[in-house]
Amino acid sequence: MSVNYIKQNQSISNPLAVLELIKPITWFPPMWAYACGVISSGMGILPNLALIILGIALAGPVVCGMSQAANDWCDRHVDAINQPDRPIPSGRIPGLWGLWIAITMSLLALVIGWQLGIWGFCATLLGVAAAWAYSCEPIRLKRSGWWGPGIVALCYEGLPWFTGAAVMSQTFPNFNIVVIASLYAVGAHGIMTLNDFKALEGDKQTGINSLPVKFGPDKAAKIACWVMTTPQLIVVMLMASWGAIEYAIVVSCLVAGQFVAMRRLLKDPLKLAPWYNATGVLMFVLGMMVCAFGLRNFGAL
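What comes next is a walk through the structure.

Parameters at a glance
Residues numbered from 1 in each chain as written. Predicted model: local features only at pLDDT ≥ 70, side-chain atom pairs only at ≥ 80, totals over all residues. Heavy atoms only, no water. Salt bridge = Lys/Arg side-chain N within 4 Å of Asp/Glu carboxyl O. Buried < 20%, exposed > 50% of the residue type's maximum accessible area, 1.4 Å probe, protein only. Core = buried A, V, L, I, M, F, W, Y, C linked by side-chain atoms within 4.5 Å. Helix = DSSP H or I, 4+ residues; strand = E, 2+ residues; numbered from the N terminus. Polar contact = N/O pair within 3.5 Å; in protein donor to acceptor, adjacent residues only side chain to side chain. Contact = heavy atoms within 4.5 Å. Expected span 1.5 Å × (residues − 1). Arc of directions from axis to C-beta.

1. Remarks on the pattern of salt bridges
- Here the structure, examined in full by the defined rule, presents eight salt bridges.
- The residue Glu137 makes a salt bridge to Arg140 at a minimum N-O spacing of 3.8 Å.
- The class for Arg140 is buried, based on a relative accessible area of 7%.
- With a shortest N-O distance of 2.7 Å, Glu137 and Arg143 are connected by a salt bridge.
- Residue Glu137 is classed as partly exposed on the basis of its relative accessible area, which comes to 48%.
- A residue is classified by how much of its surface remains accessible, and Arg143, at 30% relative accessible area, is partly exposed.

Structure follows, in structure tokens:
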């Protein structure tokens, strides 16, 4: 009792614990997707450089960082099982500090989003709301193996891509951009399912019905592979039909590389999921940027 009391009332003694809380390693996907949106918009880069930098900072450190803080606060009991050395369960971020950090960053996100125009602000509002809906009771979408990864995939890939294009053009992006961004968001659902493997034991104990919990690692990995692959094959067909043949071929090669990696993954999904995240997922996100340049150079008509 005394140890817990001390942890709950001490101040944050190590600022690095805050950095660990907001998980910089997770910022890359939305920043990359936002950059894809900027590229695909066809607008000039240098004349809008300040706006681009602000948008990328919003997508990564601010909104994604906020979502990590909110998730860690709402998941502090799960992390006590899965990752007891995390900042909140370990007591390095004590009391209500984790909650106040998440709330403060949510407000900061909205302030920055307002600077990006109406489209940037609306997208930021949606992203912040989705982050809290994912983690916070009573909604807590992460309890579902379908809705949880789905909302994360949307906010990591589809929404930042849409936002980057919308902020650059200050209008609703055209059809081709929205379709490609949406397809990659669907594919990212599979990536998020693989990411759930690391929390398998804690999810079982705390009622999180992730796909690895619901179907077991082997079947969940197969589902994830299908979900990742199918939208990319549609992307290839669409890019080719729009005249971006060279770009479609490059994406096809990247999909083939993922297929090879998936064959290895399926031999031992629980062990190899982190390996796939460093190999197959890399090819997935490279395909996003290839498509962004294809849309830019051929026009999204």
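More follows now that the structure is in view.
2. Some points on the nonpolar core
- In this structure, Trp161, Tyr184 and Met239 are the most contacted members of the largest nonpolar core, which totals 47 residues.
- At the level of elements, helix 3 (28-41), helix 8 (147-169), helix 9 (175-195), helix 12 (217-241), helix 13 (245-265) and helix 14 (269-298) are the ones that each hand at least two residues to this core.
- At 13 residues, helix 14 tops the list of elements feeding residues into this core.

3. As for the side chain of Asn71
- Within the secondary structure, Asn71 is located in helix 4 (residues 49-74).
- Among the polar contacts made by the side chain of Asn71, one reaches the side chain of Lys142 at a distance of 3.3 Å.
- When residues no more than four places from it in sequence are discounted, the contact partners of Asn71 are Tyr134, Ser135 and Lys142.

4. Focus on helix 13
- For helix 13, with 21 residues, the first-to-last C-alpha span of 30 Å sits near the 30 Å given by 1.5 Å per residue.
- Taken residue by residue, helix 13 has Tyr247, Ala248, Val251, Leu254, Val255, Gln258, Ala261, Met262 and Leu265 as its buried positions. Buried residues in helix 13, looked at end-on, bunch into an arc of 135 degrees, giving them a common side. For helix 13, the exposed residues lying more than 90 degrees away from the buried face are Glu246, Cys253, Phe259, Val260 and Arg263.
- Buried positions along helix 13 lie against helix 9, helix 12 and helix 14.

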